[in-house]
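Okay, here's what each chain looks like letter by letter:
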Amino acid sequence: MATSKKRRFELRDAQHNKFWEIDLSGASLTVRFGRLGSAGVEKATKFAGPAEAERAAAKLVEQKTKKGYREVPGGSAPRPANLAAGVKGQLARL
């Protein structure tokens, strides 16, 4: 069984408030991204082997850090709970 390597990056400035996470597990690579506080969007990719997945992960991390993302300790943040539609509407009015 392959061990999972999770890393989390955030971009916070006057124009941005978002996160990007990467999870490398064997030949599988999963990224999750979105606005801070949201569940975000998750996309998974399978590669021919672990070495290819690691190269792809390194390239993605390099791209994100060049854009200004900074790694935050602790890996993945908890995902927000799924709220009922009525609760979401009430929160939106606050």
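Refer to the structure presented above.
All values derive from a computational prediction rather than experimental measurement.

1. Considering the overall build of the protein
Item 1. Counting its regular elements, the protein contains 2 helices and 5 strands.
Item 2. Going from N to C terminus, the protein has its helices and strands arranged as β-β-β-β-α-β-α.
Item 3. Relative to its full complement of 94 residues, the protein shows a buried share of 23%.
Item 4. As displayed, the protein offers around 6,800 Å² of accessible surface, 54% of which is attributable to carbon and sulfur atoms.

2. Notes on the side chain of R32
Item 1. Residue placement: R32 occurs in strand β3 (residues 28–35).
Item 2. When its relative accessible area of 4% is taken as the criterion, R32 is described as buried.
Item 3. A polar contact is formed between the side chain of R32 and the backbone oxygen of A39, at a distance of 2.7 Å.

3. So, the pattern of salt bridges
Item 1. Taken as a whole and judged by the stated rule, the model has 7 salt bridges.
Item 2. A salt bridge links E10 to R12; its shortest N-O distance comes to 2.9 Å.
Item 3. When its relative accessible area of 58% is taken as the criterion, R12 is described as exposed.
Item 4. A salt bridge links R32 to E21; its shortest N-O distance comes to 2.9 Å. Of this pair, R32 sits in strand β3 while E21 sits in strand β2 (residues 17–25), and the two are 11 residues apart along the sequence.
Item 5. Beyond isolated ion pairs, a larger network of salt bridges with shared partners links R8, E10, R12, E21 and R32.

4. Points about the nonpolar core
Item 1. Grouped together as the largest cluster of nonpolar side chains are 12 residues: F9, L11, W20, I22, L24, L29, V31, A53, A56, A57, V61 and Y69.
Item 2. Every element with two or more residues in this core is listed here: β1 (4–12), β2, β3 and α1 (50–66).
Item 3. Among the elements that make up this core, the one with the highest residue count is α1 (4 residues).
Item 4. Sequence-distant contacts of W20, that is, excluding residues within four places in its chain, are made with R7, R8, F9, V31, R32, F33, L60, V61, K64 and Y69.

Parameters and conventions
- What you see as residue numbers is a count from 1 along each chain, following the sequence as written.
- Local features in this predicted model are restricted to residues of pLDDT 70 or higher, and side-chain atom pairs are both shown and tallied only at a pLDDT of 80 or more, whereas totals for entire chains, interfaces and linings draw on every residue.
- Only hydrogens and water are set aside; all other atoms, that is, all heavy atoms of the structure, feed into the side-chain values.
- Strands are runs of DSSP state E lasting at least two residues, helices are runs of H or I lasting at least four, and both sets are numbered from the N terminus onward.
- Only protein chains enter the accessibility calculation, which uses a 1.4 Å probe; a residue is then buried when its area is under 20% of its type maximum, exposed when over 50%, and partly exposed in between.
- Note on areas: these come from Shrake-Rupley sampling with a 1.4 Å probe, and a residue is covered only by the protein chains present in the view.
- Residues adjacent in sequence count toward polar contacts only when both atoms are side-chain atoms; beyond that, a polar contact is any pair of N or O atoms within 3.5 Å, and within protein one must be able to donate a hydrogen and the other to accept it.
- For this document, the term salt bridge refers to a Lys or Arg side-chain nitrogen within 4 Å of an Asp or Glu carboxyl oxygen.
- In this text, buried Ala, Val, Leu, Ile, Met, Phe, Trp, Tyr and Cys residues form a nonpolar core when linked through side-chain atoms within 4.5 Å.
- What makes two residues a contact is simply this: any of their non-hydrogen atoms within 4.5 Å.

None of the figures reported here should be taken as evidence of function without further support.
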